[in-house]
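Given next are the chains, with one letter for each unit.
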Amino acid sequence: MPIRRLPSLNGLRAFEAAARHGSFVAAADELNVTQAAISRMVRLLEERFGFQLFERRPNGLDLTAQGRALQPGLTSAFDAIAGLAEQVSLMRTTPVLTLGVGPTFAVRWLIPRLRGFYEQHPEIDVRLSTGGALNPFRDDWTCGILLGDGHWPGYEAELLFATDLFPVCTKAVAQRIQHPSKLTRQDMLQVAHSPEDWDLWLAAAGVKPRGKGVGPTFGNYTMALQAAVDGIGVAIGLRPYVEEDLAKGRLVAPFSVTVPKKRAWYLLYRAFRKDDPGLAVLRAWLIDSLSSERRSIAPKAPRNEP
């Protein structure tokens with residue numbers, strides 16, 4: 001490989017800064033040197049080239065033809081170097097784990113527990129990405145936590161926990177709905193990607209399912225549950241999404257009937273990532289967290305009987 005024969009990099013920096021600012025004084029301020037140093041470095045560069053880069057005038061600097069030819073390329077080159085340096089400075093030597101999760105699972109289960117994860121594993125750099133029912137698994141993820149039936153061809157799927165369904169609402173709404181048969185279409189808040197939830201629960205409660213177009217429809221469980229908290233109607237709650245709302249009294253479970261959801265949460269990843277150090281740490285933490293919560297959370301008593 002031929003040896004690069006470059007002019008002084010300090011001289012090039014001094015020239016490029018002076019050319020952008022049109023001033024040795026401003027260039028000196030930017031590079032944190034004296035005006036005399038800028039002038040000397042530019043002069044040495046001009047001697048190296050054998051021609052002037054600036055016309056020195058009493059009221060400032062004008063680029064010569066050679067200076068005008070040199071400056072744009074230098075600015076682009078220095079910008080590229082600065083960008084590359086920033087990218088490298090952001091690189092970590094610690095394990096990076098990119099985790100794909102649905103927005104409701106992230107907000108209502110994972111994020112409140114992340115502090116505990118970081119306290120135990122400060123060496124892991126966790127990056128959350130939007131996944132869930134409406135977003136397919138991406139291969140740039142280390143892993144994902146997704147709700148499904150456990151069958152994802154080409155992926156390893158480890159069961160984390162199943163869930164059950166039951167209606168939740170405010171105390172005020174519960175007082176006017178004493179029996180499942182009293183639910184109207186407008187009462188029943190629907191999640192667009194889980195249209196089967198209400199029919200499953202109504203059938204278990206011995207009430208004829210309402211069919212399509214049950215009631216107001218929301219894009220995900222987060223929206224539907226917030227609507228329930230705001231007194232708009234009754235949402236289908238999933239454990240563990242509603243545990244905190246029930247514990248703090250923002251929502252109540254007006255009926256005793258619960259029904260298993262036909263899907264569960266799985267840890268999903270490609271087989272080639274099985275030995276990824278970040279994935280191994282996350283898997284162990286999830287298992288420990290879920291075991292602790294199963295021991296500490298008892299089923300909530302119902303408010304009304306169907």
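What you see is a predicted model; the values in this text were computed from it and never measured. Each chain carries its own residue numbering, running from 1 in the written order of its sequence. Totals for whole chains, interfaces and linings use every residue, but because this is a predicted model, local features are given only for residues with pLDDT of at least 70 and side-chain atom pairs only at 80 or more, for both listing and counting. In computing side-chain values, all of the structure's heavy atoms are included and hydrogens and water are not.

**What to know about the overall build of the chain**
Heads up, the condition is: Each helix corresponds to a stretch of at least 4 residues labelled H or I by DSSP, and each strand to a stretch of at least 2 residues labelled E; elements are numbered beginning at the N terminus. For every residue, the accessible area obtained with a 1.4 Å probe (protein chains only) is divided by the maximum for its type, and the residue is called buried under 20%, exposed over 50%, and partly exposed between those limits. The accessible surface values rely on the Shrake-Rupley method and a 1.4 Å probe; as for residues, cover is taken only from the protein chains in view.
Broken down by element type, the chain carries 10 helices and 10 strands. Expressed as a percentage of the 306 residues in the chain, the buried residues total 44%. Just so you have it, the chain exposes about 16700 Å², and 55% of that area is on carbon and sulfur atoms.

**Topic: the packing of aromatic side chains**
Rule in force here: Paired rings are identified among Phe, Tyr and Trp, the last through its six-membered ring, by centres lying within 6.5 Å, and are further divided according to the angle between planes into stacked (under 30 degrees), edge-to-face (over 60) and tilted (the rest). Only when the NZ of Lys or the CZ of Arg is both within 6 Å of the ring centre and within 35 degrees of the ring normal is a charge said to sit over the ring.
The full count for this structure, using the stated rule, is 16 aromatic pairs. Here Trp-109 and Phe-161 contribute two aromatic rings whose centre-to-centre distance is 6.3 Å and whose plane-to-plane angle is 40°, an arrangement assigned as tilted. Residue Trp-109 is found in helix α5 (residues 103–120), and its partner Phe-161 is found in strand β6 (residues 156–168); the two are separated by 52 residues along the sequence. Residue Trp-109 is classed as buried on the basis of its relative accessible area of 1%. Between the aromatic rings of Phe-117 and Trp-285, the centroid separation amounts to 5.2 Å while the plane-to-plane angle is 75°, which identifies the pairing as edge-to-face. Residue Phe-117 is found in helix α5, and its partner Trp-285 is found in helix α10 (residues 277–296); the two are separated by 168 residues along the sequence. Both residues of the pair, Phe-117 and Trp-285, count as buried. In textbook terms, an aromatic cluster arises when at least three aromatic residues are bridged by ring pairs, as seen for Phe-105, Trp-109, Phe-117, Tyr-118, Phe-161, Tyr-221, Tyr-241, Trp-265 and Trp-285. Looking at Arg-270, its charged tip hangs above the ring of Tyr-155, at a distance of 4.0 Å from the centre.

**Overview of helix α1 (residues 9–21)**
Our working rule: By this rule the span expected of a helix is its residue count minus one, scaled by 1.5 Å. Think of a polar contact as two N or O atoms within 3.5 Å of one another; within protein, one of them needs to be a possible hydrogen donor and the other a possible acceptor, and neighboring residues in sequence only count if both atoms come from side chains.
Given a rise of 1.5 Å per residue, 13 residues ought to cover 18 Å, and the 18 Å separating the end C-alpha atoms of α1 matches this to within 8%. Along α1, the residues classified as buried are Gly-11, Leu-12, Ala-14, Phe-15, Glu-16, Ala-17, Ala-18 and Ala-19. Capping the start of α1 is the job of one residue whose side-chain oxygen sits 3.3 Å from the backbone nitrogen of Asn-10: Ser-8. Gly-22 sits one or two residues past α1 and shows a positive phi near 70°.

**Section: the pairing of strand β4 (residues 125–130)**
Selection criterion: One bridge is not enough; two strands pair if DSSP finds at least two bridges between them. By convention a crossover is right-handed if, when the strands point away from the viewer, the path from the first strand over the helix to the second runs clockwise.
In the sheet, strand β3 (residues 96–101) pairs with β4 via 6 bridges, with the strands oriented parallel. Counted as the bridge partner of Thr-98 is Arg-127 from β4. Handedness of the crossover joining β3 and β4 through α5 is recorded here as right-handed.

Worth remembering: the numbers are spatial, not functional.
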